[in-house]
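A look at the structure
What follows is each chain in one-letter form.
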Amino acid sequence: MNFYFEASKVLNRVDAKQGSIKGILATLPEKNRARTAALVIETLKYKTVLSDVIAASGLLTQEKKKITSINLALVLVHDVLLSSGIQAGDGPVKQAILRHKTRLWSEFQRIKVKRGARSDQELARPSDERAVRIPRYVRVNTLLWTTGEAIRYYREKGFQISNPFASNKAFSQDEHIPDLLLFNPHVQFQNDTCYKTGKIILQDKASCFPATVLAPPSNEHAVVIDATAAPGNKTSHLSALMGGKGKLYAFERDKRRFSTLKTMLAKATCKNVEAIHNDFLSVDPSTSKYAKATHILLDPSCSGSGIVNRLDHLLGTENKEQEERLNKLATFQLMMIKHAMKFPGVQKIVYSTCSIHATENERVVCEALKSEEAQRGDFKLAHRGDVLPKWHRRGLQEEMDSPECASSLVRCSPDSDAMNGFFVSCFVKGTQVTSMDIVTRKRKHSDNGPRKRMKT
């Protein structure tokens, strides 16, 4: 019965918006994760009809001492009506459900007839059509092998370089993230040896953008901070880009997510990472070891409105109180940026979200640029040439105080770009020389012609 209690707790966290479904499931112990995830996902698929059945049967009213929450009722009733029964020994909770089995089944059939459903599957929530257009993204962990070696490995296993949607045995190399491979969305890697040993990491393309834009230094003196590190995909990507050199401080304040982070880092063999169970906002920027940080990655909590991970469509859409929630998130996100700007050695800050809302994206960036911290540190947006210059989709001009700055921002559309919705911005200190500055100087020098030596 503990299995059902664990699944109901996951649903409680989903209801409390403590993260995406995928993110919450990732925090479960690996031993029971697959089984719990399957029940949670299937329950969410039928949540609407199951809730109606429970309400019509009066289950919660009559068994309130045994069935203590709607989510516990949902997972139990799911297995009674849509699976092979409750997988647990006899006990008071199971008996409470079985006392109402006939009524539950009757209400279920009545709803099925009322909705004209010819099968149980027709009662499930429709899938997100965007998901089928997203390939299976696989990032090569270059701490353990090269991308070339990975490509040879999968070719030897029968895969061919081609459009990943052409067949289940086709894959390709991404044009923007060199260490990212694209497979058919139906290909599974959970039993792949390379996945189990950390040589490959399942990571959406958009999620690879922040570390790529931050472009951390790869030397023994490098000091980098990942301010909100769990579950660890971006942290391990940073570690790989650093070549395992220098020091990468990874902060996570949540105890459960911190445990997930440590597991991920160990699996990916990120030896230059020090995981710290602490809130980044509580860290004193003047602390000697953190004051040396030159690059900071900020990927704080957000609405997750851009996520298309084949799961979150199960939550449906909720517009009530959305604006208030977005404003609260934006306030927190701005605090994170302003705090990062206080670190004395920082030269580059990347702020990203998996949101499609301007409230969390362009508007937060505008407020950050106007902040006292930005003025004091002389922070500005990096030029487009330093922020994925070949990427086509940029920020929303109409949401920026200076429309021309929108080209410095990166957006990903879940509807058009075959990946999750995402936003990336990059702040640099005014004294830092960017590639665009170098180009501008060269052009000026060329326009003026070669300087003649002064005669002495």
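For the structure given in this document, a descriptive report is provided here. Remember, it's a predicted structure, so these values are computed and weren't measured experimentally.

Below, the discussion takes up the environment of aspartate 279. Along the polypeptide, aspartate 279 turns up in the loop between strand S8 (273–277) and helix H14 (288–291). By relative accessible area, aspartate 279 is classed as partly exposed at 23%. For the pair aspartate 279 and phenylalanine 251, spaced 28 residues apart in the sequence, the C-alpha separation amounts to 6.7 Å. Here leucine 281 takes part through its backbone nitrogen, which lies 3.0 Å from a polar atom of the side chain of aspartate 279.

Turning our attention to the packing of aromatic side chains. Each aromatic ring pair is described using two quantities: the centre-to-centre distance and the angle formed by the ring planes. Inspection of every chain in the model, using the stated rule, returns 17 aromatic pairs. When the centroid spacing of 5.9 Å and the interplanar angle of 40 degrees are considered together, the rings of tryptophan 105 and phenylalanine 108 count as tilted. Of the two residues, tryptophan 105 and phenylalanine 108 both sit in helix H8 (residues 101–114), three residues apart, roughly one turn of that helix. Accessibility expressed as a relative area gives 42% for tryptophan 105, which makes it partly exposed. For phenylalanine 108, a relative accessible area of 0% puts it in the buried group. Joined through ring pairs, the aromatic side chains of Trp145, Tyr153, Tyr154, Phe159, Phe171, Phe183 and Phe189 make up one cluster.

Axis separation between helix H15 (residues 322–340) and helix H16 (residues 362–370) bottoms out at 10 Å; the angle between their running directions is 40 degrees. As judged from the angle between their axes, H15 and H16 are oblique. The way H15 lies across H16 gives a crossing that is right-handed. Judged by residue contacts, Ala330, Gln333, Leu334 and Ile337 of H15 engage Val364, Glu367 and Ala368 from H16.

Time to look at the layout of surface pockets. The volume enclosed by the second largest pocket comes to roughly 150 Å³. Along its surface, the second largest pocket is lined by 15 residues, and Leu39, His78, Asp79, Leu82 and Ser83 are the ones closest to its centre. Going through the elements one at a time, helix H1 (2–15), helix H3 (30–45) and helix H6 (70–82) are the ones with two or more residues in the lining of the second largest pocket. Considering every element that reaches the lining of the second largest pocket, the biggest residue donor is H3, with four residues. Residues of the lining of the second largest pocket, tallied by class, amount to six nonpolar, five polar and four charged.

Reading the values: rules and limits
Residues numbered from 1 in each chain as written. Predicted model: local features only at pLDDT ≥ 70, side-chain atom pairs only at ≥ 80, totals over all residues. Heavy atoms only, no water. Helix = DSSP H or I, 4+ residues; strand = E, 2+ residues; numbered from the N terminus. Buried < 20%, exposed > 50% of the residue type's maximum accessible area, 1.4 Å probe, protein only. Polar contact = N/O pair within 3.5 Å; in protein donor to acceptor, adjacent residues only side chain to side chain. Phe/Tyr/Trp six-rings, centres within 6.5 Å; stacked < 30°, edge-to-face > 60°. Axes fitted to C-alpha atoms, helices over the stretch in contact; angles between N-to-C directions. Parallel < 35°, antiparallel > 145°, perpendicular 65-115°, else oblique. Left-handed = near helix turned anticlockwise from the far one by under 90°. Contact = heavy atoms within 4.5 Å. 1 Å grid on protein atoms, 1.4 Å probe; cavity = no way out; pocket = protein on both sides within 12 Å on 5 of 7 lines; lining within 4 Å. Points joined across faces, edges and corners; volume = space filled by probe spheres on them. Nonpolar A, V, L, I, M, F, W, Y, C, P; charged D, E, K, R; others polar.

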